[in-house]
Amino acid sequence: MNDLMLNPAVHSPQEITWAAKQVREIAREKEIAPNTVLEVFEQWAAALDSRELREVPGLAFLRLWLRRGTLEPILLRELGADFLHGGWQEDGRARLRAFPLGVVGHWPAGNVEIQPILSLTCALLGGNVCLVRVPGGLVEITQQIMEKLQEVDRRGLLTERTFMASFDRSRTDMHEAMAQAVDGAMIWGGAEAVSQVRKLPFPHWARVVVFGPRLSVAAMDAETWGDRAERLSWCRRVARDVWQFEQRSCSSPQTLFLEQGAGCDPDEFVDDLRQALQEENRAHPRGQIEPSLTSEICLARALWLLEDAANRAVFSASPDWTILLGRGTEIPKPTQGRTLSVLLVDDLSEVISKFDGTVQTLGLAVKSAEREEKFARAAGHNGVDRVVKMGRMHLFSSPWDGVDLIRPMVRLVRHVPSQE
Amino acid sequence: MSIPVEIARGIESQLAAPLYGLDPKERRDSLLALLKKELAYACDRNLRFRNYAEHWPVDFHTAHTLADLPYLPVGAFKSNPPLALVNANEVKRILTSSATTGQVPSRVVLDAETAKRMTKGVTTIIKDFIGPARRPYLVIDISENINTQAEMGARGAAIQGLGSFATEVICCLRRDLGGNTNLDLEKLLDCAGKWRETEVLAYGFTYVIWTQLVQPLQRKGVTLDIPNVRVLHSGGWKRLEREAVTKDVFIAGVASVFGCSPDRIIDFYGMVENVGVVYPDCERGNKHVPAFAEVVVRNPLTLEPVAVGQRGLVQVCSVLPTSFPGFLVLTEDMAEIIDYNECPCGRRGTSFRFAGRVPKAEVRGCGNLETTRQKQGQGNGLHE
């Protein structure tokens, strides 16, 4: 493997500074067109279809993400058709062309296995070179995925533009060295992690984009969940959204708001939801759990039931899954770990009107297109950045958190021809 | 309101039974029967607790093992008002846990009966380890911490719990005018001089003993020369671990300043939510459960009890409290099960070793938000 590409462990800030210098030289010397990047990505996607990687969570999605069919429309929308071929785009009397920022640093969250790669691909598409800090728990998976890139990228077009390192989150000196070396940064993670990274001494020109921390919710109107024929399949969809990433992702539903209606029986709904969660648990059982998460799940169950004698809950004897059923329009404090609060409300509009910018994704299951349009508009007005069908809450796409994924890491240069 | 007679008799019977001598299965069976009655009583007395018990995956009335009964996580005792099974006018004292800065402490309410059982439980257990004799009691703390108050912290409760072994009580720490706590060396040396030939009991929180007694005495090169002392300590190792003080280093340090043998220093585990039960280390370094209690160590992945030699989350069980629902409490501590039947020290029943606090979560993720922006006063205000 290219030494520059993946160093599972680096030990000094000097190593990071040196690596940044190396990749910056490459950025200066070798321009890369998005089309070329897309070609390598396409081959990479094919190479990832291997038996040993099948169990990596999110890998099927990564393969799909790397396809030209996925990324080209994103590039077209964010930067226009001319950018694909490295050309200038007419803009009245002037013309525009995207250039890379230079060195982009990536601080992915530790909870999404493929996130270091997803973040990296966004900056590579902009023609940048990258420094990636790989969280300790993701080194092995990231290494496996990057080995596949190396197999297909025989000329080193992308691998030479990438330096990956893993170091402890407490190594402020290493984080600082990385921050000082970049022209742009993509930061992903929880409140504490993001706050720490944002405080790093980035150069004054560095463009910093933060994804997260956010939380997400789902909502069903009475017509949808009152429909017995469809209810179980909707429950399976929300169960899938709950299951992925242990509910630690910003796109994970923490609460499901159920709009009450005539003939809607919450008990029947909870029965179906229980069945869906049990099925998901059988299909994707946990291999391990942090004891602190077990404690938090047990506490969430107890506090919910002790808080109000009218509150109800259904949960497994293990910490595998939990449904907390009650009434209310406020989003309860998220527990994560497959703990879904199901809150009955009279009107979904009331819930959406209370969103305050914390909610990233609203997963919807609404029968009437007219009502859905109304909800989507209200959600957008109240800070929600994604309104999607329930069951597709984690489908990574651009924009994310209301921000384009590629455009923030490029500079748009305006050229007004002098002979005009 | 007094508890049903059959529950009162059941508790008395467990308290009177051989402390560590019962057949483990018989003990578990009798505890199971009594705990079921206590849970039913608690459900009658507290609707919120009943709501919790009724939603438990196993109906406690028909549970076959103690591990199937509904347990409360220790964080549930942080609620305000505290979880209670008695009326406000029956509350004699409120015990609070030793929460670190910024944390909310647990609060448990004691009525006269539960307080009496608490004292009896602790006394019976400690007696088994240090003998029944009364002796001078050296408290490694300030006197303010032992004053009887309506609300009492874990330190005060532990100090008072050992009071029945005392002929006299001497506190060897004092608070100066600046509010700092330091050692009253003159008083301590005066007592040590009188106690050279005497059986003495000393107690303090582990980190208090280390930072306020051992370190100052070591710095001054003073040895107290009280060879017949029994030093009991509790409160956990978290703070000392941060200073890289291991259990062996602690024991060696304490033994050297008291001039006693290391086996006279006994660590015990206890918590205010598990009133009346403490778990001292036996001479083999194991902790034991008395006749009126049980410990279940649960696998964090399944919450099933672990096998011998495995680690998990500690659940403590006790039949003693009837003023609050602290019968079955899932703690935030980890332990390893040493045996379910017998220890080489001769004590029967479950034996375990404490393995530290539950470690803080390593990965929180991009969905880690404690609260909404609005609750932080940072909402976008669009809807306001």
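Residues numbered from 1 in each chain as written. Chains lettered and ligands numbered in written order. Predicted model: local features only at pLDDT ≥ 70, side-chain atom pairs only at ≥ 80, totals over all residues.

Considerations on the overall build of chain B
Here's step 1: Per the secondary structure count, chain B includes 9 helices and 17 strands.
Here's step 2: The C-alpha atoms of chain B give a radius of gyration of 22 Å, which matches the 21 Å a tight globule of 384 residues would have.
Here's step 3: Structurally, chain B occupies a C-alpha span of about 65 × 60 × 45 Å along its principal axes.
Here's step 4: Partitioning the intrachain contacts of chain B with sequence separation of at least 6 by distance along the chain shows that 71% fall at a separation of at least 24. (Helix = DSSP H or I, 4+ residues; strand = E, 2+ residues; numbered from the N terminus. Rg over C-alpha atoms; globule rule 2.2 N^0.38 Å. Contact = placed C-beta atoms within 7 Å.)

Focus: the environment of Leu224 of chain B
All names here are of chain B.
Here's step 1: Tracing the backbone shows Leu224 in the loop between α7 (206-220) and β10 (229-234).
Here's step 2: Residues Leu224 and Gly259, spaced 35 residues apart in sequence, show a C-alpha to C-alpha distance of 6.3 Å.
Here's step 3: For Leu224, the residues in contact, after removing those within four places along its chain, are Leu188, Ala192, Val257, Phe258 and Gly259.

Digging into the nonpolar core
Here's step 1: By size, the foremost hydrophobic cluster in this structure holds 232 residues, and its most contacted members are Ile16, Leu131 and Val182 of chain A together with Ile140 of chain B.
Here's step 2: Examining the composition of this core, we find that 9 residues originate from one element, helix α13 (residues 291-307) of chain A, more than from any other.
Here's step 3: Residues within four places of Leu131 of chain A in sequence aside, it is in contact with Ile16, Ala19, Ala20, Val103, Gly105, Phe163, Met178, Ala181 and Val182 of chain A. (Core = buried A, V, L, I, M, F, W, Y, C linked by C-beta atoms within 7 Å. Buried ≥ 20, exposed ≤ 12 C-beta atoms within 10 Å, placed from the backbone.)

What about the pairing of strand β15 (residues 386-389) of chain A?
Here's step 1: Judged from the 4 bridges that link them, strand β14 (residues 359-365) of chain A and β15 of chain A form a sheet pairing that is parallel. Paired with Thr361 of chain A across the strands is Arg386 of chain A, a residue of β15 of chain A. (Pairing = 2+ DSSP bridges.)

A look at the sheet that holds strand β2 (residues 89-91) of chain A
All names here are of chain A.
Here's step 1: Strand order in the open sheet formed by 3 strands is β2-β3-β16, and the pairing between neighbours is antiparallel. Only two strands of the sheet have a single neighbouring strand rather than two, namely β2 and β16 (410-415). If you compare each strand with its neighbour and ignore which way they point, the axes differ by 35° on average.
Here's step 2: Bridge count between β2 and strand β3 (residues 94-100): 3 bridges; the pairing is antiparallel. Bridge pairing links Asp91 to Ala94 in β3. (Axes fitted to C-alpha atoms, helices over the stretch in contact; angles between N-to-C directions.)

Quick notes on the pairing of strand β11 (residues 312-315) of chain A
Residues and elements named next belong to chain A.
Here's step 1: Burial along β11 is one-sided: Ala313 and Phe315 are buried, while Arg312 and Val314, pointing the other way, are not.
Here's step 2: Where β11 lies against strand β12 (residues 322-327), 4 bridges are found, and the strand directions are antiparallel. Opposite Val314, over in β12, you have Ile323 as the bridge partner.
Here's step 3: Linking two consecutive strands that pair antiparallel, namely β11 and β12, is a turn of 6 residues.

Here we look at the domain arrangement of chain B
Residues and elements named next belong to chain B.
Here's step 1: What the domain assignment reports for chain B is domain 1 (5-72 + 282-357) and domain 2 (117-269).
Here's step 2: One C-alpha centre belongs to domain 1, the other to domain 2; they are set 29 Å apart.
Here's step 3: Of all the elements in the fold, those that place two or more residues in the side of domain 1 that touches domain 2 are α1 (5-16) and β17 (351-357).
Here's step 4: Split into classes, the residues belonging to the side of domain 1 that touches domain 2 amount to 8 nonpolar, no polar and 3 charged. (Domains from an automatic or database assignment. Nonpolar A, V, L, I, M, F, W, Y, C, P; charged D, E, K, R; others polar.)

A closer look at the interface of chain A and chain B
Here's step 1: The interface of chain A with chain B comprises 56 residues on the first partner and 42 residues on the second.
Here's step 2: Secondary structure elements with two or more residues in the side of chain A that touches chain B: α9 (191-198), α13 and β11 of chain A.
Here's step 3: In terms of residue count, α13 of chain A provides more of the side of chain A that touches chain B than any other element does, 11 residues in total.
Here's step 4: Its residues assigned to classes, the side of chain A that touches chain B shows 24 nonpolar, 23 polar and 9 charged.

What to know about the sheet that holds strand β2 (residues 93-96) of chain B
All names here are of chain B.
Here's step 1: The mixed open sheet is built from 3 strands, whose spatial order is β3-β2-β5. Each of the sheet's edge strands pairs with one partner strand only, and the pair in question is β3 (107-110) and β5 (151-153). Each strand of the sheet is rotated relative to its neighbour by a mean of 25°, with strand direction disregarded.
Here's step 2: Across 3 bridges, the pairing between β2 and β5 is parallel. Note that in β5 the partner of Ile94 across the bridge is Glu151.
Here's step 3: Taken strand by strand, helix α5 (residues 154-161) contacts β2 and β5, and its axis lies near 85° from that of β5.

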